[in-house]
Amino acid sequence: MEDDLFSLELLISRILRYGVLASGALLLLGWGTEFRFRGNPYAAFHSYQSVPLKEALETAMAHSRFGLLTSYAGLAILVILPFTRVLLTAFLFLVQKDRMLAAISFFVATALIFSFCLGGGS
Amino acid sequence: MAISVGAGFLGALLGLGGGIIVVPVLTLFLHIDIRYAIAASLISIVATSSGAAASYLRDHITNLRVAVLLEVGTVTGAIVGFLISSHVQSSVLFLLFGLFLFFSAVMMFRKRGESLAEVNHPWSEKLGLASSFPNERGERISYQVERVPEGLALMFGAGLLSALLGIGSGILKVLAMDGVMKLPMKVSSATSNFMIGVTATASAGAYFLRGDVRPEIAAPVAIGIIIGSWFGARAMMKMPAALIRKVFVVVLAVVSVQMILKGL
């Protein structure tokens with residue numbers, strides 16, 4: 001039973017590792033095409049300016065900055081990966097009839113969604 | 001990006017997220033605003049943990065049940081950390097955290113050998129948290145889990161600091177598991193690394209949607225961390241527990257001085 005849990009969780013982790021690689025590839029592609037030849041790329045970030053994600057994406061679309069959009073896609077995948085793991089682990093515990101740990105995992109997944117919503121709303 | 005490779009290697013080796021290296025480098029050397037640095041660091045921490053998790057599970061060191069339970073503490077802590085992030089003076093937190101790390105380094109330096117749990121906490125009994133792990137000779141060492149509620153409370157603090165400072169809080173996580181719950185050092189390290197991604201994504205996701213994660217900064221850092229952590233996770237099993245502890249104490253001391261100086 002415990003070995004089943006471990007091997008299934010290992011399978012989830014291996015799949016998620018491909019997610020990290022996919023994200024890394026997108027980030028590399030976006031970074032390589034967009035940011036390489038633009039002088040000091042960090043000059044604009046010496047002081048903080050609040051620009052919500054939605055607005056940043058709209059600006060990138062309007063200026064056809066596909067490298068930037070590709071990078072955002074890579075970042076979105078990275079953020080979603082741990083959430084996916086928690087959700088799949090919850091189902092894993094459910095299948096194993098370990099209701100207590102399944103409930104705990106679902107709680108963690110819900111808390112993550114709540115946190116994301118807080119960021120989107122601020 | 002080269003610094004990120006180093007941070008990722010060290011992070012995976014010690015059960016840290018690498019954020020304690022990434023944030024100071026981005027702010028002190030590249031003069032990037034700390035809010036962008038924190039957000040980029042959290043993203044890189046998610047990459048470290050997600051990339052290395054399979055390696056730790058394969059070695060059967062990670063305690064999955066302990067990880068899932070303690071994530072309740074870290075994720076709720078991270079939410080609170082995100083909510084108060086714009087209201088708290090970070091210099092105060094840097095100072096407190098630095099002093100706390102210094103104290104931890106002294107305590108860990110004085111500690112000789114591992115002290116494992118002698119009794120199993122009722123929650124551990126109910127959730128089946130006690131387990132076993134393989135040592136260097138491949139023998140399975142059984143262990144129990146003590147003081148679960150206290151560990152959970154410390155995890156809340158770890159999550160809060162993670163969101164506020166852009167660190168993985170691996171140091172606090174390992175201290176909670178190793179020092180409070182009396183788990184073996186290797187189990188603490190691996191389980192901490194396994195959990196760090198979930199902790200970090202709670203606030204990283206929030207910062208991402210708020211627009212603080214800028215690809216111009218986060219992309220090179222994350223790529224470097226992915227590469228570094230890949231090598232770090234592979235080196236961990238080949239290193240004895242005593243050496244891991246020594247390296248860990250040095251990292252604690254260096255980071256504590258850095259934090260205190262930042263807070264003053």
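Here, the structure is the one placed above.
Residues numbered from 1 in each chain as written. Chains lettered and ligands numbered in written order. Predicted model: local features only at pLDDT ≥ 70, side-chain atom pairs only at ≥ 80, totals over all residues. Heavy atoms only, no water.

> In this structure, what is going on with the pairing of strand β1 (residues 131–134) of chain B? I would like to understand it.
Residue and element names in this part refer to chain B. Across 4 bridges, the pairing between β1 and strand β2 (residues 140–143) is antiparallel. Paired with P134 across the two strands is R140, which belongs to β2. Here β1 folds back onto β2, and the loop between the two strands holds 5 residues, one of which, G138, carries a positive phi near 85 degrees. (Pairing = 2+ DSSP bridges. Helix = DSSP H or I, 4+ residues; strand = E, 2+ residues; numbered from the N terminus.)

> Any chance you could explain unusual backbone geometry here in plain terms?
Only a minority of non-glycine residues have a phi that is not negative, and only a minority of peptide bonds are not trans. With phi around 60 degrees, A:K97 is a residue other than glycine that occupies positive phi space. Positive phi is not limited to glycine here, since B:K182 has a value of about 60 degrees. Mapped onto the elements, B:K182 comes out in the loop between α8 (170–180) and α9 (185–210).

> Help me understand the pattern of salt bridges in this model?
A side chain of one charge can pair with a side chain of the opposite charge when the charged atoms of the two come close. Per the stated rule, a full pass over the model turns up 4 salt bridges over all chains. For the salt bridge of A:E58 with A:K54, the shortest nitrogen-to-oxygen distance reads 3.4 Å. Here A:K54 and A:E58 lie together in helix α2 (residues 53–62), a separation of 4 residues that amounts to about one turn. With relative accessibility at 45%, the residue A:E58 sits in the partly exposed group. Here B:D33 and B:R35 are joined by a salt bridge, their closest N and O atoms 3.8 Å apart. Under the relative-accessibility criterion, B:D33 is labelled buried at 15%. Owing to a relative accessible area of 42%, B:R35 belongs among the partly exposed residues under this scheme. (Salt bridge = Lys/Arg side-chain N within 4 Å of Asp/Glu carboxyl O. Buried < 20%, exposed > 50% of the residue type's maximum accessible area, 1.4 Å probe, protein only.)

> Please clarify how the packing of aromatic side chains should be interpreted in this entry.
Aromatic ring pairs are defined here through the distance separating the ring centres and the angle between the ring planes. Applying the stated rule across the entire model yields 4 aromatic pairs over all chains. Judged by centre distance (6.3 Å) and plane angle (50 degrees), the rings of A:Y72 and B:F208 are tilted. Within this pair, whereas A:Y72 is found in helix α3 (residues 66–95), its partner B:F208 is found in helix α9, the two belonging to separate chains. Here A:Y72 and B:F208 have matching classes, each one buried. Between B:F82 and B:Y207, the ring centres sit 5.1 Å apart and the planes meet at 75 degrees, which makes this aromatic pair edge-to-face. Placement of the pair is B:F82 in helix α4 (residues 64–84) and B:Y207 in helix α9, with a sequence separation of 125 residues. (Phe/Tyr/Trp six-rings, centres within 6.5 Å; stacked < 30°, edge-to-face > 60°.)

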